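Fold and geometry: a report
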Amino acid sequence: KAGVTQTPRYLIKTRGQQVTLSCSPISGHRSVSWYQQTPGQGLQFLFEYFSETQRNKGNFPGRFSGRQFSNSRSEMNVSTLELGDSALYLCASSKLRAERASTDTQYFGPGTRLTVL
Amino acid sequence: AQSVTQPDIHITVSEGASLELRCNYSYGATPYLFWYVQSPGQGLQLLLKYFSGDTLVQGIKGFEAEFKRSQSSFNLRKPSVHWSDAAEYFCAVGKGAQKLVFGQGTRLTINP
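Residues numbered from 1 in each chain as written. Chains lettered and ligands numbered in written order. Predicted model: local features only at pLDDT ≥ 70, side-chain atom pairs only at ≥ 80, totals over all residues. Heavy atoms only, no water.

Okay, the interface of chain A and chain B next. Size of an interface: often given as the accessible area lost when the parts come together. Listed per partner, the contact involves 28 residues of chain A and 20 residues of chain B. A buried area of about 1800 Å², summed over both sides, lies between chain A and chain B, and 52% of it is on carbon and sulfur atoms. Area buried by chain A at its contact with chain B is led by L43, Q106 and F108 of chain A, which between them contribute 28% of it. Counting residues per element, the ones that place at least two in the side of chain A that touches chain B are β4 (31-38), β5 (42-50), β6 (53-57) and β9 (87-94) of chain A. The class makeup of the residues in the side of chain A that touches chain B is 10 nonpolar, 13 polar and 5 charged. (Contact = heavy atoms within 4.5 Å. Buried area = accessible area lost by both parts, 1.4 Å probe. Helix = DSSP H or I, 4+ residues; strand = E, 2+ residues; numbered from the N terminus. Nonpolar A, V, L, I, M, F, W, Y, C, P; charged D, E, K, R; others polar.)

Under the criterion given, the structure shown has 9 salt bridges over all chains. Between R63 of chain A and E82 of chain A there is a salt bridge whose closest N-O contact spans 3.6 Å. One end of the pair, R63 of chain A, is in the loop between β6 and β7 (64-68); the other, E82 of chain A, is in the loop between β8 (74-78) and β9, and 19 residues separate them in sequence. Its salt-bridge partner being D8 of chain B, residue R22 of chain B comes within 2.9 Å of it at the nearest N-O pair. Residue R22 of chain B is located in the loop between β3 (19-21) and β4 (24-26), and its partner D8 of chain B is located in the loop between β1 (3-5) and β2 (10-14); the two are separated by 14 residues in the primary sequence. (Salt bridge = Lys/Arg side-chain N within 4 Å of Asp/Glu carboxyl O.)

Evaluated as defined, the whole model comprises 16 aromatic pairs over all chains. Ring centres of F108 of chain A and Y36 of chain B lie 5.2 Å apart, and the angle between their planes is 80°; on these two criteria the pair is classed as edge-to-face. On the criterion of chain membership, the pair formed by F108 of chain A in strand β10 (residues 107-108) and Y36 of chain B in strand β5 (residues 32-38) is interchain, its members lying in two chains. For the pair F108 of chain A and F102 of chain B, a centre-to-centre distance of 6.2 Å together with 75° between the ring planes defines the contact as edge-to-face. (Phe/Tyr/Trp six-rings, centres within 6.5 Å; stacked < 30°, edge-to-face > 60°.)

For the rest of this paragraph, the subject is the sheet that holds strand β1 (residues 5-7) of chain A. All names here are of chain A. Spatial ordering of the open sheet is given by β1-β3-β8-β7, a layout of 4 strands whose pairing is antiparallel. Pairing within the sheet leaves two strands with one partner each, and these edge strands are β1 and β7. Between one strand axis and the next, the sheet turns by 20° as a mean value, whatever way the strands run. (Pairing = 2+ DSSP bridges. Axes fitted to C-alpha atoms, helices over the stretch in contact; angles between N-to-C directions.)

Quick look at the pairing of β5 of chain B now. All names here are of chain B. β5 sits mainly inside the fold: 7 of its 7 residues count as buried. Where burial is concerned, the two faces of β5 agree: the one with Y32, F34, Y36 and Q38 and the one with L33, W35 and V37 are both buried. Pairing geometry for β5 and strand β10 (residues 87-94), over 7 bridges, is antiparallel. Bridging from a neighbouring strand, Y36 pairs with F90 of β10. Here 6 bridges tie β5 to strand β6 (residues 44-50), and the two strands are oriented antiparallel to one another. Note that in β6 the partner of V37 across the bridge is Q45. Linking two consecutive strands that pair antiparallel, namely β5 and β6, is a turn of 5 residues; a positive phi of about 75° is found at G41 within it. (Buried < 20%, exposed > 50% of the residue type's maximum accessible area, 1.4 Å probe, protein only.)

Before going further, it helps to spend a moment on the nonpolar core. In this structure, L19, W35, L47, L48, F74, L76 and Y89 of chain B are the most contacted members of the largest nonpolar core, which totals 27 residues. Residue assignment for this core shows that the elements contributing at least two residues are β2, β3, β5, β6, β8 (64-68), β9 (73-78), β10 and β12 (106-111) of chain B. When residues in this core are grouped by element, the largest group, 4 residues, is from β10 of chain B. Membership of the second largest hydrophobic core comes to 21 residues, among which are V4, L46, F60 and L81 of chain A. (Core = buried A, V, L, I, M, F, W, Y, C linked by side-chain atoms within 4.5 Å.)

So, about unusual backbone geometry. Of note, the amide linkage connecting T7 of chain A to P8 of chain A takes the cis form, showing an omega dihedral of -15°. On the secondary structure map, P8 of chain A appears in the loop between β1 and β2 (10-13).

In structure tokens:
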């Protein structure tokens, strides 16, 4: 079974531009979460989508947005890029909703390395 | 608020030596606990997880972790490390698998 795939793997943008990152979950997985990883702040949760609906959101400004399609693929968009947005953006998928006690597990993709100049 | 502390930013051990990586968490309810490993330029790979039951959990690559509720700890151990274990290790806590809160990570270096 193929793992989580993310495209592109590397991206260079300039301040003020916008960027869209893509994530394809493991087949059969319906939940997709996004994380930002930086040396200073570590791994931080951005948001989670399930059945095309955002269920959870982390503490990031509105410039960060996402969506999920009917095939569970997800995109993340960052508008008006800032230097501090340079990071590794990780996508993770899991099979089930986890509102209740669950043994669900997240599986991570390789990430997209975004550099903002 | 949920939080995870990994007190050791960097650990160096010799190949063949034993390893213990520390993790302390703060969580209001019964936590779900995870250890992930990240090699340079790679995503996160799940090593093991604890949801309930036996407090000693076995994972992949010969790793194990012990959940100690009284100490709010979930330390990762391996009896004998291999050079290929050099990586960054992250402890995480959450209710269910979504919206995980991660520690800052511990970078492991292996001396030959």
